[in-house]
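Fold and contact review
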Amino acid sequence: MKAPIIAATVLAIASSSAFAGGIAFRFGDDSFGVSLAGDLSAESSAQFDWLHHEDDGDMVALGAFANGQRGSLSGRLGAKAIGLEADDADISGGALAFGGDVSLPLNEIVRLRGGAYYAPETTGFGDIEGYQEWSVSAEFTIFQNSAIQLGYGDIEFDVEQRGEFEFEDGLFVRLQLRL
């Protein structure tokens, strides 16, 4: 997938009033991403992510989640369809990953976040035989409708006849705007 096509898709989704919720921008050492998320109902949500790596191509993900809360811990569980197009590495394919993320507020300003997703070989297609993703971060609320996350994340694909393909592994900053 080429960056202009993805950027146009992101802008089209962002302009849709049916998908109002929030937009986030993610910056890593070698990557940049845009995320659009919104509630489908009081107990469900959806999210679209695009992540571009300067050397390794583009990744898109579309997820559907069940939202929940237990005490002060909130989170979501669900599935996301992930696509990867890596021109330099000559990899194309995707997977259906399962997992979720949790959030624990420490006070009105600071919140701890963590998440993990996994796709077994049976849900991969094209060159992809599996997928693993995890992240941990601290979120700092700036205003009632904006926050900054500082974290560490890892995204890896298992690639047919090539082994592991690491898309991202390192620190990131995420600017979140709730619309």
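It should be noted that the structure appears before, not after, this text.
Description of the structure in this document. (Residues numbered from 1 in each chain as written. Predicted model: local features only at pLDDT ≥ 70, side-chain atom pairs only at ≥ 80, totals over all residues. Heavy atoms only, no water.)

If you tally the helices and strands in the protein, you get one helix and 11 strands. For the protein, the α and β elements follow one another from N to C terminus as α-β-β-β-β-β-β-β-β-β-β-β. The 179 residues of the protein split such that 42% are buried. Expressed as a percentage of contacts within the protein between residues at least 6 apart in sequence, the contacts between residues at least 24 apart total 45%. (Helix = DSSP H or I, 4+ residues; strand = E, 2+ residues; numbered from the N terminus. Buried < 20%, exposed > 50% of the residue type's maximum accessible area, 1.4 Å probe, protein only. Contact = heavy atoms within 4.5 Å.)

The next point concerns the environment of Tyr-131. Relative to the elements of secondary structure, Tyr-131 occurs in strand S9 (residues 128-143). Those residues within four positions of Tyr-131 in sequence are excluded, and the remaining contacts are Met-59, Ile-82, Ala-95, Ala-97, Tyr-117, Tyr-118, Ala-119, Ile-155, Glu-156, Phe-157 and Asp-158. Polar contacts involving the side chain of Tyr-131 include one to the side chain of Glu-133, which spans 2.4 Å. (Polar contact = N/O pair within 3.5 Å; in protein donor to acceptor, adjacent residues only side chain to side chain.)

Right, let's talk about the pairing of strand S3 (residues 44-53) for a bit. Successive side chains on a regular strand alternate, one facing one side of the sheet and the next facing the other. Within S3, nine of the 10 residues are buried, which leaves the element mostly enclosed by the surrounding structure. Of the strand pairs in this sheet, strand S2 (residues 31-41) and S3 are connected by 10 bridges, and their pairing is antiparallel. Following the sheet pairing, Gly-33 is matched in S3 by Leu-51. With antiparallel pairing between neighbouring strands as the criterion, S2 and S3 make up a hairpin whose turn holds two residues. Here S3 runs beside strand S4 (residues 57-70); their pairing, made up of 10 bridges, is antiparallel. Bridge pairing in S4 links Phe-48 to Leu-62. Between S3 and S4, which pair antiparallel one after the other, the connecting turn spans three residues. (Pairing = 2+ DSSP bridges.)

A cluster of acidic side chains, namely Asp-29, Asp-30, Glu-54, Asp-55 and Asp-88, defines a negative patch on the protein surface. Mapped onto the secondary structure, Glu-54 falls in the loop between S3 and S4. Since its relative accessible area comes to 53%, Glu-54 is described here as exposed. (Patch = residues over 30% accessible without salt bridge, like charges linked within 9 Å, V, L, I, M, F, W, Y side chains within 5 Å. Areas by Shrake-Rupley, 256 points an atom, 1.4 Å probe, with all protein chains shown as cover. Salt bridge = Lys/Arg side-chain N within 4 Å of Asp/Glu carboxyl O. Lys, Arg positive; Asp, Glu negative; His and termini not counted. Charge placed at Lys NZ, Arg CZ, Asp CG, Glu CD.)

This part takes up the pattern of salt bridges. On inspection of all chains with the given rule, the structure shows six salt bridges. Between Arg-113 and Glu-139 there is a salt bridge; the shortest N-O distance is 2.7 Å. Of the two residues, Arg-113 sits in strand S7 (residues 110-119) while Glu-139 sits in strand S9, which places them 26 residues apart along the sequence. You can call Arg-113 partly exposed: its relative accessible area is 26%. Taking the relative accessible area as the measure of exposure, Glu-139 reaches 1% and is therefore buried. We note a salt bridge from Glu-139 to Arg-178, for which the minimum N-O separation is 3.4 Å. With Glu-139 in strand S9 and Arg-178 in strand S11 (residues 163-178), this pair connects stretches of sequence that are 39 residues apart.

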